[in-house]
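Each chain is listed here by its residues.
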Amino acid sequence: MSTYYFVIVGHNDNPIFEKEFSTVNKELRKEDHRHLSQFIAHAALDLVDEHKWKTANMQLKSIDRFNQWFVSAFITASQIRFIIVHDNKNDEGIKNFFNEMYDTYIKHSMNAFYRINTPIKSPMFEKKSEIFGRKYLLS
């Protein structure tokens, strides 16, 4: 069983986009980890900000751990933070997912009707996140 919680965090620590991926059907899940995942991701923001000055890499591998949950992060050139809270190690899949979502985010942010730092409500962006999540995180 694998569970991933992906969130894009803006400059003011505001969630711009969030998505959950799991190998377990929603009907079969006994516990809803969404609130816990949101809490863990928010708690890791200070560590992400601390680590981004220590390296030139955009990809920050596992930067935090809370019980069985790991936190991985990716910092864009415009300082938007991508965070994944996950319960198993999948560094290569997470790296590929971050790169694909970064490319998707860049294309979305170049839209003249999108204002940076506002929630992403695009059905196409959501669909692409589902496709990349299934391809790189759940396979």
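Residues numbered from 1 in each chain as written. Predicted model: local features only at pLDDT ≥ 70, side-chain atom pairs only at ≥ 80, totals over all residues. Heavy atoms only, no water.

By the naming in an unreviewed UniProt entry, the chain is Probable trafficking protein particle complex subunit 2, taken from Drosophila kikkawai. The Sequence similarities (unreviewed entry) comment attached to the chain in UniProt states, word for word, "Belongs to the TRAPP small subunits family. Sedlin subfamily." Regarding the chain, the relevant UniProt record gives this comment under Subcellular location (unreviewed entry): "Cytoplasm, Perinuclear region". (UniProt positions renumbered as here; feature names shortened; annotations may be inferred.)

S.K.: Where do I start with the sheet that holds strand β3 (residues 59-66) in this structure?
M.R.: Each strand in a sheet pairs with its neighbour through backbone hydrogen bonds, running either in the same direction (parallel) or in the opposite one (antiparallel). Read from one edge to the other, the open sheet built from five strands follows the order β2-β1-β5-β4-β3, with strand pairing classed as antiparallel. The outermost strands of the open sheet, each flanked by one partner alone, are β2 (15-22) and β3. Direction aside, the axes of adjacent strands within the sheet are offset by 20° on average. Note that strand β4 (residues 69-75) and strand β5 (residues 81-86) share six bridges and pair antiparallel. Bridged to S72 within β5 is I84. Running at roughly 145° to β3, helix α2 (residues 45-52) makes contact with β1 (3-9), β3, β4 and β5 of the sheet. (Pairing = 2+ DSSP bridges. Helix = DSSP H or I, 4+ residues; strand = E, 2+ residues; numbered from the N terminus. Axes fitted to C-alpha atoms, helices over the stretch in contact; angles between N-to-C directions. Contact = heavy atoms within 4.5 Å.)

S.K.: It is not clear to me how the packing of aromatic side chains should be interpreted in this structure. Could you clarify?
M.R.: The relation between two aromatic rings is expressed through the spacing of the ring centres and the mutual angle of the planes. Within the structure shown, the criterion is met by 14 aromatic pairs. Their ring planes at 80° and their centres at 4.9 Å tell us that F17 and F125 sit as a pair that is edge-to-face. Taken together, the residues span a long stretch of sequence, with F17 in strand β2 and F125 in helix α4 (residues 123-137) at a distance of 108 residues. Residue F125 is classed as buried on the basis of its relative accessible area of 2%. On the numbers, 6.5 Å between centres and 45° between planes, the contact of F97 with F98 is tilted. Each member of the pair F97 and F98 is classed as buried. Taking the ring centre of F70 as reference, the NZ or CZ of K89 above it sits at 4.7 Å. (Phe/Tyr/Trp six-rings, centres within 6.5 Å; stacked < 30°, edge-to-face > 60°. Buried < 20%, exposed > 50% of the residue type's maximum accessible area, 1.4 Å probe, protein only. Lys NZ or Arg CZ within 6 Å of the ring centre and 35° of its normal.)

S.K.: Would you mind showing me how to read unusual backbone geometry here?
M.R.: Note: most peptide bonds trans; most residues except glycine with negative phi. The backbone phi angle of N67 is positive, close to 50°, even though this residue is not glycine. Tracing the backbone through its elements, the reader meets N67 in the loop between β3 and β4. For N67, a relative accessible area of 57% translates into the label exposed. The phi dihedral of N117 falls on the positive side, at around 80°, and the residue is not glycine.

S.K.: Help me understand a nonpolar patch on the surface, please; the structure alone is not making it clear to me.
M.R.: On the surface, L36, F39 and F66 cluster together into a nonpolar patch covering about 260 Å² of accessible area. Secondary-structure assignment places F39 in helix α1 (residues 34-43). Owing to a relative accessible area of 52%, F39 belongs among the exposed residues under this scheme. (Patch = residues over 30% accessible without salt bridge, like charges linked within 9 Å, V, L, I, M, F, W, Y side chains within 5 Å. Areas by Shrake-Rupley, 256 points an atom, 1.4 Å probe, with all protein chains shown as cover. Salt bridge = Lys/Arg side-chain N within 4 Å of Asp/Glu carboxyl O.)

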